[in-house]
Amino acid sequence: MKKDKLLFVCLGNICRSPLAEGIMLHYINKHKLPIEVDSAAIAPYHIGEHPDPRTIKNALKHGIDIRPLVARQFQISDFNHFDKIYVMDNSHYYHLEKLAPTKDDFKKVDYLMNLVFPNENREVPDPYYGTEKDFEEVFQMIHTACQKLVNQYAENIFV
Ligand code: 4NP
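Heads up: these notes are all about the structure in this document. All values derive from a computational prediction rather than experimental measurement. (Residues numbered from 1 in each chain as written. Predicted model: local features only at pLDDT ≥ 70, side-chain atom pairs only at ≥ 80, totals over all residues. Heavy atoms only, no water.)

1. A few points about empty space enclosed by the protein
(1) Moving on: For the coordinates displayed, the defined rule picks out one cavity of 30 Å³ or more.
(2) Moving on: The space that makes up the largest cavity amounts to roughly 30 Å³.
(3) Moving on: In terms of lining residues, the largest cavity is bounded by Cys15, Leu19, Arg54, Thr55, Asn58, Pro127, Phe135 and Val138.
(4) Moving on: Secondary-structure elements contributing two or more residues to the lining of the largest cavity are α2 (53-61) and α6 (132-153).
(5) Moving on: The biggest single contributor to the lining of the largest cavity is α2, with three residues.
(6) Moving on: Looking at the lining of the largest cavity residue by residue, the classes come out as five nonpolar, two polar and one charged. (1 Å grid on protein atoms, 1.4 Å probe; cavity = no way out; pocket = protein on both sides within 12 Å on 5 of 7 lines; lining within 4 Å. Points joined across faces, edges and corners; volume = space filled by probe spheres on them. Helix = DSSP H or I, 4+ residues; strand = E, 2+ residues; numbered from the N terminus. Nonpolar A, V, L, I, M, F, W, Y, C, P; charged D, E, K, R; others polar.)

So this is what it looks like as structure tokens:
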């Protein structure tokens, strides 16, 4: 079966986007969904690193283990490989608009939170300089969006 390929993008690929990847991997494995997922950074700061310890800790609290994930930077070839590219905030959206080789490539890009609030272009805030509470809020936002995604492939898992 052809798998849909989804990419999640944030600034550092150590907080928000690996969380989306990890949550999706959890449900893909649990429900045998035909989806391939990955995540990537806009900036090169954390290439090769595992996710931020605060993100890891908060995700583990919810039974999601993102410890094995490793940060990488977004590549132009990702426009070709992936069917859909979900960004967390405006800066990623406009950065990918500049990088996209064609208008059709850029059509693959959307805000993750548009899965929950269509066309509102809401942002998932950067928790990097935030508190434990901010990491939990980011988890809840991303988890809600991932539930919408899962429901696109297996109806009514989350009602
Ligand atoms: P992320 O969070 O984009 O959700 O991974 C950040 C990670 C690192 C930095 C900023 C945001 N940083 O400035 O190093």
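2. Some details on the state of the cysteines
(1) Moving on: Counted by the stated rule, this structure contains zero disulfides.
(2) Moving on: Cysteine Cys146 shares no disulfide, and the gap to the nearest cysteine sulfur, in Cys10, comes to 13 Å.
(3) Moving on: Residue Cys146 is classed as buried on the basis of its relative accessible area of 0%. (Disulfide = S-S within 2.5 Å. Buried < 20%, exposed > 50% of the residue type's maximum accessible area, 1.4 Å probe, protein only.)

3. Looking at the layout of surface pockets
(1) Moving on: The space that makes up the largest pocket amounts to roughly 160 Å³.
(2) Moving on: Grouping the amino acids of the lining of the largest pocket by side-chain chemistry returns seven nonpolar, three polar and two charged.

4. Observations regarding the site of the ligand
(1) Moving on: Around the ligand sit Cys10, Leu11, Gly12, Asn13, Ile14, Cys15, Arg16, Tyr45, His46, Asp126, Tyr128 and Tyr129, and those are all the residues in its vicinity.
(2) Moving on: Asn13 is positioned such that a nitrogen or oxygen atom in its backbone is 3.2 Å from an oxygen atom of the ligand.
(3) Moving on: One nitrogen or oxygen atom from the main chain of Cys15 is found 2.9 Å from an oxygen atom belonging to the ligand.
(4) Moving on: For the ligand, whose free accessible area comes to 350 Å², the fraction covered by protein is 92%.
(5) Moving on: When each cavity is represented as a set of grid points, the ligand is found to reside in the largest pocket.
(6) Moving on: Of the residues belonging to the shell around the ligand, the class tally is seven nonpolar, three polar and two charged. (Near = heavy atom within 4 Å. Polar contact = N/O pair within 3.5 Å; in protein donor to acceptor, adjacent residues only side chain to side chain. Areas by Shrake-Rupley, 256 points an atom, 1.4 Å probe, with all protein chains shown as cover. Sits in = over half its atoms within 2 Å of the grid points.)

Any functional reading would require information beyond the geometric quantities listed.
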